[in-house]
Amino acid sequence: MSHDTLVRPAAQGLPEQRGRRRPPSFRRQGRAAHVFLLPFLLGLVLITAVPLLASLYLSFTDYDLLHDPELIGLDNFRRMVEDERFWASVGVTLRYVLVSVPLQLAFALLLAVVLDRGMRGLALYRSAFYLPSLLGSSVAVAILWRQLFGHEGLVNSVLGWFGVTGESWLQNPDTALSTLVVLNVWTFGSPMIIFLAGLRQIPEELYEAARVDGAGRVRQFWSVTVPLLTPIVFFNLVLQTIGAFQAFTQAHIISSGQGGPLDSTLFYTLYLYQQGFQSFNMGYASAMAWVLLLVIAVVTAGHFLLSRYWVFYGDER
Amino acid sequence: MDHLNRRRFMQLVGLGALGAAGTTALTACGGGSGGNSIRYAWWGDTVRQQKYTAALEAFAQQNPGVEVRPEFADYDAFQERITVQTAGRDVPDVFWIPSPHVMSYHDAGLYRRLDDIPSLDLSAFSAAQLDSFKIDGELNTLPRSVLTAAVRFNQTFLDEAGAQLPADDAQNWTWDRLSEFLIDYSRDAPPGRKGIHYNAQTDLCFEAWLRQHGQDLWTADGRMGFDAAALAGWFEWWEVLRRAGAATNLSEQEGAQPEWPVVGDKVLVTFGNSNHIADEAPMFPDYEFGLRPMPVLPDAAAGHRFGYLSRIAVYQGIDDESVDLAGRLVQFNINDPQMLQLVGLSVGAPANPAMLRAAYDVANEDEKKMLAVVERELAEEQKPRYEAPAGSGTWRSIMTRGVEEVALERASVSDAAARVIADIDRELGQAS
Amino acid sequence: MRAAVRHVVMCAFVLVMIYPLIWMVASSFKPGNLVLSEPGLIPSEVTFQNYRDGWNALDEPFSLFFLNSLMVSVGSIVGNLVSCSLAAYALARLEFRGRRLYFAITLVSVMLPLHVLVVPQYIFFSQLGMVNTYFPLLLPKFLATDAFFTFLMVQFIRTIPRELDAAAWVDGAGPFRTFWSIILPLMTPALVTSAIFTFIWTWNDFFTPLIYLPPPRCSRCRWRSTR
């Protein structure tokens, strides 16, 4: 598969309309854009910017939520360097991001493609696969996961048939994180639904054009489906990565807010939460949040830079 | 200078608020509470929610024209919400105080003094009792109830095994005798049954251990009151049981904080708070449970007995015209038999001696066992106990990690103990 | 034949995926003390008590909470669909100064963990006197603050070949007509997806209502005995 066919195939079938002139004029577009963006801009100023900037300010303070914040310069950031649990949480989070995001997306993409290829009972399968996502972050998951991975859980029962006696997977520091990866993969329904919507949106004309060019089904898949789905893959990749960096709820529920055993599921935001809401070090928590923001921003910028090489947009000129 | 900083922060936040106020002309239905309306915040499960709602209804009936606005949530959510409310200076008028934050809230000036409210009658308490409620010499909270550390045992299991606990007297009811007994019991116990759960992080029981050893959990000046040796001794007591197969391991009990539904039919004995029997015994209706005070060292330090007070407070920033009503509501909580009748005893025994006696009339069999244990504990000499200082909010988590290190055999008892001490010390240092 | 094999494989996979959920449903018919002690699917004792209790657990019947949630969820859907699709169209299609910046800010706003925003946000809304109202829940949705959906719609719009709206422009349609009659119909899958997610996430959101709607129901939580 040459790089060319993968990235630039679809425009073949459509009339080329690349004039120098941009109808309507740049200025008119600018005015229109700001009308479209009015709610967004209001939200930006009123809802988003204020807390964002407030938290930035707090990151340079000692703020225990009960007393007034007190400026302490870079102390919070210095403290991070020496904080063992901080680094433990960084390790846990990186491992989680690197493993669970690709796994979950691969699952979601594979099933979306299989389901989309004229499978009967699509709606039924789709709902079934989405069901876990509905409950993925409810308190019931704690009990559920104990039923599966606990000392007397289903997994150990099955292992028992083969004469293997297992310990609770949730209480072993070496396996606890893996159970959370499994939980994340289990809730692949959200990215899958987005993939399915993306597949739905590919205009039938493009397939027709490809057929006119004599492309078979496999060829159509690689030259139409894959490139046109790349913006959606990109979306899922970017947001699932951001989401994984911020993973909180599931670890919070399953480890009762502890991140245990022995900090093996102490996600970055879980530690941040403990610092902010349990130790009342909201200044430190805010500093941690902004460090996380910088890291995610760099990773996301990297995604965007790399996207030039593999993401194909229908509006590219 | 604190004020300057606070003002700047509020300005920053308020700036956006003003902008929004300009664009959106909106009126809220909330706002401050007037003289005939009052906010009451508490935590618990849905059963407790129903009982307290009924009680607040009764209070409203006693006080015509009064409006009570309940703010209820489960324990963790309650803490999150009241923390956020505190930051926004929008605290409920009357609220329960979660144990880790008694001193933090006090330092933040959240409590109003309670000894100058005419509608609040404190005559049921002795002067000594009132003294023991004070924080930094000020009477600004009152106990809704008192909890003690206790040992609960499954009488049904004992009968099945034809066994008897060591006699309940100073010579026999000791840590060593209990340990030996549990090891003996576990040796012949039915499969899947052990003597005790592994509950080394239960705070009241640990505190009992410390006080018997002449130490304290916290000191008057807000420091740790115990050393690595006492902690190591505590860990070792549990490790002996675990290594002998007399305590469930962390895998069997799903974690360092064993939950009752998981271990209820796996173990003979559990350590915990005396009030837990009220909610937990009914979860295994086929079993009969007994309750005892903690075992005692043969040479236990004098005055080691103690009760933990669950406190209720009135918000410092309450409107002046609401103070009288708040006083009446607190009065209703701690002094009114009708309240007791409606809410029952799941939060523990009343600290008010007259109410404690009245409680026997509304208590069921299990709750009577709790009342008896609490009465016995309180009847004995007690040296003062101090609340967890600000900055100690996470000491339980630190303790849990220590327990995990020990019980998962990742660290020696003495190393783990030293680490717990160092970590708690660091947290306390950061807060001050 | 191949289709049949595929269905068998898929069904098996579905079963594995939703076994835990089936177990959960089965558990809901068991008496409370058997849930953990009797892990099998078939309960030895069947009860509907859990539903009866759950429905009435908080004094007010569950149906009231149901209605409240439904109201907030539907409001959120409308808000998100309108505000996010407008913003997304501008960010994806129109050319103007600051476009990249706005887009970057949109993304940055999802990069900060919620937990450090809660307190400033609360102070903000409480100074506006909006605590105890539905505004803190709904207002953000109508102001396109959920970058997830804005970005999602941007990506979907960008998969639509530009030639389609260029053609509309040639016909003399302005940006608004183009958005309404070309883009919006073509991005139906994205709109449906956004609606579903908004509904579910709002429905499951516990924290925001906890903080902003302290008395569970503003109007139903007071006892006026006389008067």
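The structure under discussion appears in the preceding block.
Residues numbered from 1 in each chain as written. Chains lettered and ligands numbered in written order. Predicted model: local features only at pLDDT ≥ 70, side-chain atom pairs only at ≥ 80, totals over all residues. Heavy atoms only, no water.

Enquirer: What exactly am I supposed to notice about the overall build of chain B here?
Expert: On a plain count of helices and strands, chain B comes out with 17 helices and nine strands. The buried share of chain B, taken over its 432 residues, is 61%. Relative to all contacts within chain B whose residues are 6 or more apart in sequence, the contacts with residues 24 or more apart total 78%. As displayed, chain B offers around 16,200 Å² of accessible surface, 48% of which is attributable to carbon and sulfur atoms. (Helix = DSSP H or I, 4+ residues; strand = E, 2+ residues; numbered from the N terminus. Buried < 20%, exposed > 50% of the residue type's maximum accessible area, 1.4 Å probe, protein only. Contact = heavy atoms within 4.5 Å. Areas by Shrake-Rupley, 256 points an atom, 1.4 Å probe, with all protein chains shown as cover.)

Enquirer: How do you make sense of the overall build of chain A when you look at a structure like this?
Expert: Scanning chain A for helices and strands turns up 15 helices and two strands. For chain A, with 317 residues in total, the buried portion stands at 57%. Element-wise, carbon and sulfur atoms account for 64% of the exposed surface of chain A, whose accessible area totals about 13,900 Å².

Enquirer: Which parts of the structure should I look at to understand the packing of aromatic side chains?
Expert: The description of an aromatic ring pair rests on the distance of the ring centres and on the angle between the ring planes. Counted under the stated rule, the structure contains 64 aromatic pairs over all chains. Measuring from centroid to centroid gives 5.6 Å for Phe60 of chain A and Phe77 of chain A, while their planes differ by 45°, and the two rings are tilted. Of this pair, Phe60 of chain A sits in the loop between helix 3 (38-58) and strand 1 (61-62) while Phe77 of chain A sits in helix 4 (residues 75-82), placing them 17 residues apart in sequence. Owing to a relative accessible area of 22%, Phe77 of chain A belongs among the partly exposed residues under this scheme. Centre to centre, the rings of Trp175 of chain B and Trp237 of chain B are 5.3 Å apart; their planes meet at 85°, and the pair counts as edge-to-face. (Phe/Tyr/Trp six-rings, centres within 6.5 Å; stacked < 30°, edge-to-face > 60°.)

Enquirer: Even after reading the chapter, I still don't get the pattern of salt bridges, so can you show me in this structure?
Expert: Oppositely charged side chains are able to pair whenever their charged atoms sit close together. Residue and element names in this part refer to chain B. Enumeration over the complete set of coordinates arrives at 39 salt bridges over all chains. Of the charged contacts, one joins Asp216 and Lys383 as a salt bridge, the two residues approaching to 4.0 Å between their closest N and O atoms. You can see Asp216 sitting in the loop between helix 8 (203-212) and helix 9 (228-243) and its partner Lys383 sitting in the loop between helix 15 (365-379) and helix 16 (395-407), a full 167 residues away along the chain. (Salt bridge = Lys/Arg side-chain N within 4 Å of Asp/Glu carboxyl O.)

Enquirer: I keep staring at the nonpolar core and nothing clicks. Help me out?
Expert: Note on soluble globular proteins: their nonpolar side chains tend to be buried together. Ranked by size, the top nonpolar core spans 298 residues in total, and within it Tyr40, Phe95, Trp234, Phe235 and Phe271 of chain B carry the most contacts. It is helix 12 (residues 217-245) of chain A that provides the largest number of residues to this core, a total of 12 residues. Aside from chain neighbours lying at most four places away, what touches Phe235 of chain B is Tyr198, Ala200, Met399, Gly402, Val403, Val406, Val413, Ala416 and Ala417 of chain B. (Core = buried A, V, L, I, M, F, W, Y, C linked by side-chain atoms within 4.5 Å.)

Enquirer: Please clarify how helix 5 (residues 99-109) of chain C should be interpreted in this entry.
Expert: For an α-helix the count is 3.6 residues per turn, leaving residues at separations of three or four pointing the same way. All names here are of chain C. Every buried residue of helix 5 is listed here: Tyr102, Phe103, Thr106, Leu107 and Ser109. The buried residues of helix 5 occupy an angular sector of 165° when projected down its axis, which confines them to one face. The exposed residues of helix 5 that point more than 90 degrees off its buried face are Arg100 and Leu101. (Arc of directions from axis to C-beta.)

Enquirer: How should the packing of helix 15 (residues 282-310) of chain A against helix 6 (residues 114-127) of chain C be read in this particular structure?
Expert: How two helices pack is summed up by the angle between their axes together with the distance between the axes. Two elements in contact, helix 15 of chain A and helix 6 of chain C, have axes whose closest approach is 9 Å; the angle formed by their N-to-C orientations is 125°. Judged on the interaxial angle alone, helix 6 of chain C and helix 15 of chain A are oblique. The element helix 15 of chain A and its partner helix 6 of chain C pack so that their crossing is left-handed. Of the residues in helix 6 of chain C, those in contact with Met282, Ala285, Ser286 and Ala289 of chain A of helix 15 of chain A are His115, Val116 and Val119 of chain C. (Axes fitted to C-alpha atoms, helices over the stretch in contact; angles between N-to-C directions. Parallel < 35°, antiparallel > 145°, perpendicular 65-115°, else oblique. Left-handed = near helix turned anticlockwise from the far one by under 90°.)

Enquirer: Explain the interface of chain C and chain A to me, please; I cannot follow it from the model alone.
Expert: Interface extent is often summarised as the accessible area lost during association of the parts. Contacts between chain C and chain A engage 80 residues on the former and 95 residues on the latter. Summed over both sides, the interface of chain C with chain A buries roughly 8,000 Å², with 77% coming from carbon and sulfur. Of all residues in chain C, Glu95, Met111 and His115 of chain C bury the most surface against chain A, accounting for 9% of the area lost on that side. Taken together, the connections running from chain C to chain A amount to zero salt bridges. At the boundary of chain C and chain A, one finds nine residue pairs in polar contact (both at pLDDT 80 or more). Counting residues per element, the side of chain C that touches chain A draws most heavily on helix 1 (residues 2-27) of chain C, at 13 residues. When its residues are assigned to classes, the side of chain C that touches chain A shows 61 nonpolar, 12 polar and seven charged. (Buried area = accessible area lost by both parts, 1.4 Å probe. Polar contact = N/O pair within 3.5 Å; in protein donor to acceptor, adjacent residues only side chain to side chain. Nonpolar A, V, L, I, M, F, W, Y, C, P; charged D, E, K, R; others polar.)

Enquirer: Explanation requested: the side chain of Thr179 of chain A in the structure shown.
Expert: Residue and element names in this part refer to chain A. Tracing the backbone shows Thr179 in helix 9 (residues 176-186). A distance of 2.6 Å separates a polar atom in the side chain of Thr179 from the backbone oxygen of Ala176. In contact with Thr179, not counting residues within four places along its chain, are Trp145, Phe149, Trp169 and Leu170.

Enquirer: Hey, could you run me through the sheet that holds strand 7 (residues 267-273) of chain B in this one?
Expert: Hydrogen bonding along the main chain pairs the strands of a sheet, whether they run parallel or antiparallel. Residues and elements named next belong to chain B. Strand order in this open sheet of four strands is 6-7-5-8, and the pairing throughout is mixed. Both outer strands of the open sheet, strand 6 (194-196) and strand 8 (289-293), are each paired with one neighbouring strand and no more. Adjacent strand axes in the sheet meet at a mean angle of 25°, parallel and antiparallel pairs treated alike. In this sheet, strand 8 lies alongside strand 5 (residues 149-154) in antiparallel orientation, the contact comprising five bridges. Note that in strand 8 the partner of Arg152 across the bridge is Leu291. Where helix 8 meets the sheet, its contacts fall on strand 5 and strand 7, and the angle it forms with strand 5 comes to roughly 115°. Across the sheet, helix 15 is in contact with strand 5 and strand 8; its angle to strand 8 comes to roughly 10°. (Pairing = 2+ DSSP bridges.)

Enquirer: Would you explain the side chain of Arg93 of chain C in this entry?
Expert: With respect to the helices and strands, Arg93 of chain C occurs in helix 4 (residues 62-93). Within the structure, the side chain of Arg93 of chain C is placed 3.3 Å from the backbone oxygen of Ile157 of chain C, a separation counted as a polar contact.

Enquirer: Looking at this structure, I do not really get helix 16 of chain B. What am I missing?
Expert: Residue and element names in this part refer to chain B. Between its first and last C-alpha, helix 16 extends 18 Å over 13 residues, near the 18 Å set by a 1.5 Å rise per residue. Burial in helix 16 covers these residues: Trp395, Ser397, Ile398, Met399, Thr400, Arg401, Gly402, Val403, Glu404, Glu405, Val406 and Ala407. Note on helix 16: the residue one or two positions beyond its end, Glu409, has a positive phi of about 60°. (Expected span 1.5 Å × (residues − 1).)

Purely spatial values, then, with no claim about function.
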